[in-house]
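# Observations on chain architecture
Here's the letter readout for the chains.
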Amino acid sequence: GIPVKIAPDIADLENSRISYKEMRSVDILDLLSRPEIKLNPDVCKYVTGKTVLVTGGGGSIGSELCRQIARYNPEKIVIFDIYENNAYALKNSLDRHYFGNPKIEIRIGSVREYARLKEIFEEFHPSSVFHAAAHKHVPLMEDSPYEAIKNNVLGTYNTAKCANEYGVDNFVLLSTDKAVNPTNVMGATKRMCEMIAEAYTSRGIVKCSCTRFGNVLGSAGSVIPLFKRQIAAGGPVTLTDKRIIRYFMTIPEASQLVLQSGAMANNGEIFVLDMGEPVKIVDLAENIIRLSGYTPYKDIDIKFTGLRPGEKLYEELLMDEEGLEATANNLIHIGKPIDINENDFLAGLEELSEIMYDDNA
C-alpha cells in the first residue's frame, strides 16, 4: 500500500547535482525493459528552413513528430488534421515554446478528400510530407473495413499523389509491424499503404520511404493508459491472452525514427528500429500494477478476455522476402521493398476508389 517513486541516480546525489527532493512518479519509460534509444539528430537537418506538412499532425505520433521537427528550425509546419481540438492545442503549445518561429499553420480536413489535399499543397508547397493520418485500432477496423480502406489506403493514395504532383522532396509514411503478413483489416490496409509509397518511388519523382513501428507506449488507445485507468478504478486489468507478446517503443523513439528515415531514404525502403526483445503484455501489466503500489492478482486482479478479431499472439517486423540491410546507424535496419507492377497496382487503386464511393454498390 506504499506509493512507489523513482529516486535520482546515486552518483548524482553523491556529487550534489540533484536534491533528494527530486523523486518522481513512475514513468512509461520504466516499463520499457531497455534503455530509451537516442538517434543521431544531425541527419534531420533536411527540414531546416523548409515547409513541412504533417497529416494527422494532432495525433499521438503526429504531434510529437511536429515537436521534434520544430527543433530543427523549419520555416513552417503545417498541421493537417480532421480533429481540430488536438491540432489547436498543439499549435498553442508550439507557439508558446518557440514564440512563432517556426510558424505553425493549422488546416482542417481529411486525407480522404483529394480536392482538399490539393488546396493544402497549392497553398504551402511543402518540401517534406510526413503522413501520419490513419485509422489504427485493429478491432474497430474489423467491424468497419470500408472506413479503413477509405482513410488508410485511399487517404495515403491521395496524399502520395499530391506529393508527386507538387514535387515534394520527401514523402514518409508511418506504418506498423501489423502490415507484415497481416491477419487483420488494419494491417492489410497499412501494407497497401507501403505498396503505394513503393509505387510512387518507382516513378522516380518523389522520394518515398516507410517506417514500421511496434506498439507505441503511451499513444492514444494503447495499453498503458488503459491499464492506468483500470488500476485507478480498482481493477481488474484486462488482457486478451496471457501469451501475447509485442515490440514496444516510445513516442519520441517513433518520431525520431520517422525523421531519420526521411533523410536516409533513397528507393522506397522500409525502415525498422531495433526495439530489442519483444515484451509479454502480462509482464507489462504486472509491472505497472506493482509500480503503482499494488500486488498483482491480490490488490488488482488481471482477467483474460480472449483474442479479439484479427489479433495476433505475436507481431513480426519483416516479411521473409524483404530481407534485412544494415545502415550507418546500427539501431536502424532496412527492409527491401518487394517488387510490384506499379502500373497495375495504381490502376487497381483507382478502381477500388470508385467502388468505395459508389452509392449504388
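Residues numbered from 1 in each chain as written. Predicted model: local features only at pLDDT ≥ 70, side-chain atom pairs only at ≥ 80, totals over all residues. Heavy atoms only, no water.

## Observations concerning the environment of Leu284
Within the secondary structure layout, Leu284 lies in helix H10 (residues 281-291). For Leu284, a relative accessible area of 1% puts it in the buried group. Through-space distance from the C-alpha of Leu284 to that of Val223 is 9.3 Å; in sequence the pair is 61 residues apart. (Helix = DSSP H or I, 4+ residues; strand = E, 2+ residues; numbered from the N terminus. Buried < 20%, exposed > 50% of the residue type's maximum accessible area, 1.4 Å probe, protein only.)

## Quick look at unusual backbone geometry
Of the consecutive residues Asn101 and Pro102, the connecting peptide bond is found in the cis state with omega at 15 degrees. Looking at the element boundaries, Pro102 is found in the loop between helix H3 (84-98) and strand S3 (103-108). Residue Pro236 follows Gly235 across a cis peptide bond; omega there is 0 degrees. Note on placement: Pro236 falls in the loop between helix H8 (223-232) and strand S8 (237-239).

## Re the side chain of Asn184
Looking at the element boundaries, Asn184 is found in the loop between strand S5 (170-176) and helix H7 (185-202). Within polar-contact distance, the side chain of Asn184 engages the backbone oxygen of Gly310 at 2.9 Å. Beyond its immediate sequence surroundings of up to four residues, Asn184 is in contact with Val138, Glu142 and Gly310. (Polar contact = N/O pair within 3.5 Å; in protein donor to acceptor, adjacent residues only side chain to side chain. Contact = heavy atoms within 4.5 Å.)

## Regarding the packing of helix H6 (residues 145-165) against H7
Where H6 meets H7, the closest approach of the two axes is 9 Å, and the angle between their N-to-C directions is 15 degrees. Considering the angle they form, H6 stands roughly parallel to H7. In this structure, H6 meets H7 at a crossing whose hand is right-handed. Within the contact between the two elements, H6 uses Pro145, Ala148, Ile149, Asn152, Val153, Thr156, Tyr157, Ala160, Lys161 and Asn164 and H7 uses Val185, Met186, Thr189, Lys190, Met192, Cys193, Ile196 and Tyr200. Broken down by class, the residue content of the contact of H6 with H7 amounts to twelve nonpolar, four polar and two charged. (Axes fitted to C-alpha atoms, helices over the stretch in contact; angles between N-to-C directions. Parallel < 35°, antiparallel > 145°, perpendicular 65-115°, else oblique. Left-handed = near helix turned anticlockwise from the far one by under 90°. Nonpolar A, V, L, I, M, F, W, Y, C, P; charged D, E, K, R; others polar.)

## Considerations on the environment of Glu84
Its location among the elements puts Glu84 in helix H3. Linking Glu84 and Gly58, residues 26 residues apart in sequence, is a C-alpha distance of 7.9 Å.

## A word on the pattern of salt bridges
Between side chains of opposite charge, a pair can form as their charged atoms come close. Evaluated as defined, the whole model comprises 17 salt bridges. For Glu194, the salt bridge is made with Arg191, and the minimal N-O distance between the two is 2.8 Å. Of this pair, Glu194 and Arg191 both sit in helix H7, three residues apart, which is roughly one turn of that helix. Across the pair, Arg191 and Glu194 agree in class, each one buried. A salt bridge links Arg290 to Glu286, with the nearest nitrogen and oxygen atoms 4.0 Å apart. Of the two residues, Arg290 and Glu286 are both situated in helix H10; the distance of four residues between them amounts to about one turn of the helix. Each of Lys103, Glu105, Arg107 and Glu123 takes part in one network of salt bridges that share partners. (Salt bridge = Lys/Arg side-chain N within 4 Å of Asp/Glu carboxyl O.)

## What about a negative patch on the surface?
Taken together, the side chains of Glu351, Glu354, Asp358 and Asp359 make up a negatively charged region of the molecular surface. Structurally, the position occupied by Asp358 is in the segment after helix H11 (342-356). (Patch = residues over 30% accessible without salt bridge, like charges linked within 9 Å, V, L, I, M, F, W, Y side chains within 5 Å. Areas by Shrake-Rupley, 256 points an atom, 1.4 Å probe, with all protein chains shown as cover. Lys, Arg positive; Asp, Glu negative; His and termini not counted. Charge placed at Lys NZ, Arg CZ, Asp CG, Glu CD.)

## Thoughts on the nonpolar core
Within the largest apolar cluster, 37 residues are counted, with the highest numbers of intra-cluster contacts made by Phe121, Phe171, Ile196, Tyr200 and Leu349. When residues of this core are traced back to their parent elements, those giving at least two are strand S2 (76-81), helix H4 (114-124), H6, S5, H7, strand S6 (207-213), strand S11 (270-273) and H11. The biggest single contributor to this core is H6, with seven residues. Residues within four places of Ile196 in sequence aside, it is in contact with Val153, Thr156, Tyr157, Ala160, Phe345 and Leu349. The next biggest cluster of nonpolar side chains, apart from the first, holds 36 residues, and it includes Val47, Val52, Tyr72 and Ile104. (Core = buried A, V, L, I, M, F, W, Y, C linked by side-chain atoms within 4.5 Å.)

## What to know about helix H9 (residues 251-264)
Taking 1.5 Å per residue as the helical rise, H9 with its 14 residues ought to reach 20 Å, and the 20 Å between its terminal C-alpha atoms agrees with that figure. In terms of residue burial, H9 counts as a mostly covered element, since eleven of its 14 residues are buried. Along H9, the residues that are buried comprise Ile251, Glu253, Ala254, Ser255, Gln256, Leu257, Val258, Leu259, Gln260, Ser261 and Gly262. (Expected span 1.5 Å × (residues − 1).)

## Here's the deal with the environment of Ile270
One can find Ile270 in strand S11. The class of Ile270 is buried, set by a relative accessible area of 3%.

## Quick notes on the packing of H6 against H11
Taken N-terminus to C-terminus, the directions of H6 and H11 make an angle of 130 degrees; their axes are 11 Å apart at the nearest point. Comparing the axis directions of H6 and H11 gives the class oblique. The two elements H6 and H11 cross, and the hand of that crossing is left-handed. Counted together, Tyr146, Ile149, Lys150, Val153, Leu154, Tyr157 and Lys161 of H6 and Leu346, Leu349, Glu350, Leu352, Ser353 and Met356 of H11 form the full contact between these two elements. Residue composition of the contact of H6 with H11, by class: nine nonpolar, one polar and three charged.

Function cannot be read off these values alone, since they describe shape.
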